[in-house]
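For reference, the chains in residue letters:
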Amino acid sequence: LTDLVRFAGDLVGGRAGDWDAAGEIPRESITAAAAAGVLCAQVPTEYGGLGLTSTGNGRLTAHVGSLCSSLRSLMTSQGMAAWSIQRLGSRGQRRAYLPRLTGGELAAVAFSEASAGSDLSLIDTEIVADGDSVVLSGRKVWTTGAWYADLLVVFGQYAGGAAAVVVPTATPGVTVDRVPDPLGCRAAGHATVTFDSVRLPAGAVLGGAGQSVELLVTTALTYGRLSVAWGCVGILRGCLHVVTAHAKVREQFGKPLARHQLVARHIAGLAVDEHTAAAAAEHASRCWDERSPDMVVAAVRAKYLASTQAARGAGTAVQVLASAGARDGDFAARAYRDAKLMEIIEGSTEICQLILAEHALTTSA
Ligand code: FAD
């Protein structure tokens, strides 16, 4: 893990602000990360992956998240695509697709549509069987990483239920349009993807026919939620770092900011948020590694806690740095924009609250 952390550090190398400003990570940097297996580090070694545990991958994700949330978002998408293939695909499909993802190709996952945001039962992208092919039609919105992707895992209606299908972006009928000017994670390659009667081999459909959309989506999102939780731990660590460094040296009213009690309270809050978010993510990853049935709810809890605390913590960072953190190129400003989006994706704060409340209602006496 130390080598991977060093690799990621060297790869980003203080360029995250430039990538954010340009709205793009250089293709060679993303390909290098993908080819090193860093973007989906939990893929088992038999498929060319690094075979990290969820805990190991989580710690790596937090490190990348502390440097660059755009690159971390690509880790979340690639890892979620790989996990969907691993979990929903046959052995043959795992063998066909996973080595491509660990070997340098990039993947993204597309659920959301203009009318199907929080309520994914409204997905109306269609996968229709036609002989030994399937034909895919529909439009997906806000697909993170789709701008860079070679493959997309697309969720749609299929055979009276739902299915996920693996779609090479180079297939005729696939159009990828960049989302202009996103609030944050500006270099994460969000895109709208249109599928105009895209013909694919029937073997591109993962798993059997007519599965429940909720089950399929929960499978993919559990990985995504945990990855986002760890990424938010990284944002909190980055914020704590810039805040403590600044508050020790910046003096006002004859002493360092850190010695003013109201500023010290901000620092304490940030430190506690980082600690509790990390504990929740560690717990969820332990559940994952132990294949505990609590894994799904633990991932929701970690994502909810870490994303709300990262949004608050990034706000605190801007507050303490004040004018020193108030420009687009400043870490705190970037964290502020990036963290807010983490409260929206992979199940918004409100959707997580509904799941957590339902869990409490069904498990408490
Ligand atoms: P809506 O569903 O319209 O919700 C609007 C508001 O209403 C939210 O605050 C929501 O919490 C609240 N709300 C909705 N229903 C309820 C309810 N029942 N009770 C209480 N409150 C409710 N999608 C993908 O498929 N793949 C991706 O890679 C991806 N990446 C994304 C990256 C970014 C940066 C963003 C912004 C979005 C991304 N999305 C992606 C889409 C994302 O999953 C959706 O934006 C999200 O599910 C919310 O849907 P919506 O934006 O349509 O909001």
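Here is what the cut-offs are and how they apply
- Residues numbered from 1 in each chain as written.
- Predicted model: local features only at pLDDT ≥ 70, side-chain atom pairs only at ≥ 80, totals over all residues.
- Heavy atoms only, no water.
- Helix = DSSP H or I, 4+ residues; strand = E, 2+ residues; numbered from the N terminus.
- Expected span 1.5 Å × (residues − 1).
- Bend = angle between axes of the 7 residues up to and from the residue.
- Buried < 20%, exposed > 50% of the residue type's maximum accessible area, 1.4 Å probe, protein only.
- Axes fitted to C-alpha atoms, helices over the stretch in contact; angles between N-to-C directions.
- Parallel < 35°, antiparallel > 145°, perpendicular 65-115°, else oblique.
- Left-handed = near helix turned anticlockwise from the far one by under 90°.
- Contact = heavy atoms within 4.5 Å.
- Nonpolar A, V, L, I, M, F, W, Y, C, P; charged D, E, K, R; others polar.
- Near = heavy atom within 4 Å.
- Polar contact = N/O pair within 3.5 Å; in protein donor to acceptor, adjacent residues only side chain to side chain.
- Areas by Shrake-Rupley, 256 points an atom, 1.4 Å probe, with all protein chains shown as cover.
- Domains from an automatic or database assignment.
- Core = buried A, V, L, I, M, F, W, Y, C linked by side-chain atoms within 4.5 Å.
- Buried area = accessible area lost by both parts, 1.4 Å probe.
- Salt bridge = Lys/Arg side-chain N within 4 Å of Asp/Glu carboxyl O.

Describe helix H7 (residues 213-249), listing the residues and the values that go with them.
The terminal C-alpha atoms of H7 lie 53 Å apart, and with 37 residues this matches the ideal 54 Å at 1.5 Å per residue to within 8%. Its maximal kink placed at Leu221, H7 deviates by approximately 30 degrees. Buried residues dominate H7, accounting for 26 of its 37 residues.

Explain the packing of helix H5 (residues 69-88) against helix H6 (residues 91-102) residue by residue, including any values.
Contact geometry of H5 with H6 gives a least axis separation of 9 Å together with a crossing angle of 165 degrees. Between H5 and H6, the interaxial angle falls into the category roughly antiparallel. The handedness of the crossing between H5 and H6 is left-handed. From H5, Gln78, Ala81, Ala82, Ile85 and Gln86 reach across to H6, where they touch Gln93, Arg94, Tyr97, Leu98 and Leu101. Taken together, the residues that form the contact of H5 with H6 break down as 6 nonpolar, 3 polar and 1 charged.

So what's going on with the packing of helix H4 (residues 54-67) against H7? Residues and values would help.
Put simply, H4 and H7 touch, their axes get as near as 7 Å, and they point 45 degrees apart. The angle between H4 and H7 places the two elements in the oblique class. As for how H4 packs across H7, the hand of that crossing is right-handed. Residue-level inspection shows Ser54, Thr55, Asn57, Gly58, Arg59, Thr61, Ala62, Gly65 and Ser66 of H4 in contact with H7, the latter providing Tyr223, Leu226, Ser227, Trp230, Gly231, Val233, Gly234, Ile235, Arg237 and Gly238. Looking at the contact of H4 with H7 residue by residue, the class counts come to 6 nonpolar, 11 polar and 2 charged.

Before we move on, can you summarise the site of the ligand with the specific residues and values?
Close to the ligand lie 17 residues, the nearest being Phe111, Ser112, Ser118, Thr144 and Ser348. Measuring from an oxygen atom of the ligand, one finds a backbone N or O atom of Phe111 at 2.7 Å. Glu350 places a side-chain nitrogen or oxygen 2.7 Å from an oxygen atom of the ligand. Notes on the ligand: free accessible area 960 Å², of which the protein chains cover 64%. Taken together, the elements giving at least two residues each to the shell around the ligand come down to strand S1 (107-110), strand S3 (133-143) and helix H11 (349-363). Looking at the shell around the ligand residue by residue, the classes come out as 9 nonpolar, 7 polar and 1 charged. Among the domains, domain 2 (108-211) and domain 3 (214-363) are the pair contributing at least three residues each to the shell around the ligand.

Any details on the nonpolar core? Residues and values, ideally.
Among the nonpolar cores identified, the biggest contains 94 residues, and Phe111, Leu136, Leu152, Phe155, Val165, Val167 and Phe195 are the most heavily contacted of them. The greatest single-element share of this core, amounting to 17 residues, is contributed by H7. In this structure, Ala8, Leu11, Ala41 and Leu52 belong to the second largest nonpolar core, which totals 23 residues.

Provide a residue-level description of the side chain of Ser69, including the pertinent values.
Note on placement: Ser69 falls in helix H5. Not counting the four nearest positions on each side in its chain, Ser69 is found in contact with Cys185, Ile235 and Asp338.

Could you give an account of the environment of Lys340, with specific residues and numbers?
The topology assignment puts Lys340 in helix H10 (residues 331-342). Judged by its relative accessible area of 41%, Lys340 is partly exposed. Measuring from C-alpha to C-alpha, the distance between Lys340 and Gly23 comes to 17 Å, with 317 residues separating the pair along the chain.

How would you sum up the domain arrangement of the protein chain? Please name residues and give values.
Assigned domains within the protein chain: domain 1 (2-106), domain 2 (108-211) and domain 3 (214-363). Averaged C-alpha coordinates put domain 1 and domain 2 at centres separated by 20 Å. Counting residues at the interface gives 24 residues for domain 1, matched by 24 residues for domain 2. Counting each side, the surface lost to burial between domain 1 and domain 2 is near 2000 Å², with a carbon and sulfur contribution of 61%. When residues of domain 1 are sorted by the area they lose upon contact with domain 2, Leu88, Tyr97 and Leu106 head the list and together hold 24% of the total. Counting across the domain 1 and domain 2 interface gives 2 salt bridges. The residue Arg178 makes a salt bridge to Glu24 at a minimum N-O spacing of 3.6 Å. Linking domain 1 with domain 2 are 11 residue pairs in polar contact (both at pLDDT 80 or more).

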